[in-house]
Every structure is written in structure tokens, then in C-alpha cells.
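Chain by chain, the residues run as shown.
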Amino acid sequence: MEDSLSELKKKINYTVACVNEFAKKFEITSKEAFQYLEKYKGILFLKEHYEIEHTLSLEDAIEDLSRVCRTNGGEY
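This structure is a prediction, so every number in the text was calculated from the model and none was measured.

**Looking at a nonpolar patch on the surface**
Taken together, the side chains of L5, L8, I12 and V16 present a nonpolar region at the surface, about 340 Å² in accessible area. Tracing the chain through its elements places V16 in helix 1 (residues 2-26).

**Here we look at the packing of aromatic side chains**
As enumerated under the stated definition, the model contains 7 aromatic pairs in all. Here the aromatic rings of F22 and Y76 are separated by 6.3 Å at their centres, their planes lie at 75°, and the arrangement is edge-to-face. With F22 in helix 1 and Y76 in the segment after helix 5 (58-71), this residue pair connects regions lying 54 residues apart in the sequence. The class for F22 is buried, based on a relative accessible area of 0%.

**Focus: the pattern of salt bridges**
Applying the stated criterion across every chain yields a total of 3 salt bridges. A salt bridge links E21 to K24; the shortest N-O distance between them is 3.3 Å. Placement of the pair is E21 and K24 together in helix 1, with a separation of 3 residues, close to one helical turn. Residue classification places E21 among the partly exposed positions, given a relative accessible area of 29%.

Rules of the game
- Position numbers for residues start from 1 in each chain and track the written sequence from start to end.
- The model is predicted, so local features are restricted to residues of pLDDT at least 70 and side-chain atom pairs to those at 80 or more, both for listing and for counting; the totals for chains, interfaces and linings are taken over all residues.
- By convention in this description, side-chain values take in all heavy atoms of the structure and omit both hydrogens and water.
- Candidates for patches are residues over 30% relative accessible area with no salt bridge; among them, like charges are joined within 9 Å and nonpolar side chains (Val, Leu, Ile, Met, Phe, Trp, Tyr) within 5 Å.
- In this description, accessible areas are obtained by the Shrake-Rupley approach with a 1.4 Å probe, and a residue is regarded as covered only by the protein chains that are shown.
- Put simply, a salt bridge is a Lys or Arg side-chain nitrogen that is within 4 Å of an Asp or Glu carboxyl oxygen.
- Here a strand is any run of E in DSSP of at least two residues, a helix any run of H or I of at least four, and the numbering for each starts at the N terminus.
- Only Phe, Tyr and Trp rings are paired, with Trp represented by its six-membered ring, and only when their centres lie within 6.5 Å; those with planes under 30 degrees apart are stacked, over 60 edge-to-face, the remainder tilted.
- Residue burial is assigned from relative accessible area. The probe radius is 1.4 Å, only protein chains are included, and a residue is buried under 20% of its type maximum, exposed over 50%, and partly exposed in between.

Written out as C-alpha cells, the structure reads:
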């Protein structure tokens, strides 16, 4: 149980870091970034591909998020 909770915390912390970095890159608030990433399937992408994405640099992960969101109708 503790291991799964620890893994969940890692995923949450990683997602928060990605949202914050995405916000910085596109000069929007963290709240706006989260809403944007949720709307254009970026959060879902992070959940589904965490095992790979968390091994990349945050810069690469933000680039992947941006690509996913544009594919799903986003502008960033």
C-alpha cells in the first residue's frame, strides 16, 4: 500500500512540475496551464505515458505536451 501511495505522489509531483513549467514557457498562470492541458488531453497524456515521460528532461516533456495539445486543437 505504501509503495503505491509513494508512486502516486511521484506522479502527482511530476504532473505539477510539468504544469508549472508549461505555464512558465507560455507565460500563463498555473491554473490556466492546468485547464488548458486538461482540455487538450495533455494531462491524460502524462498519466498514460508517465513511465517514459518522467525519464525525459522537463523541456522535452513540455515539448511533447505541446505537440499533444496542438494535435487535439490547442494553440500552444
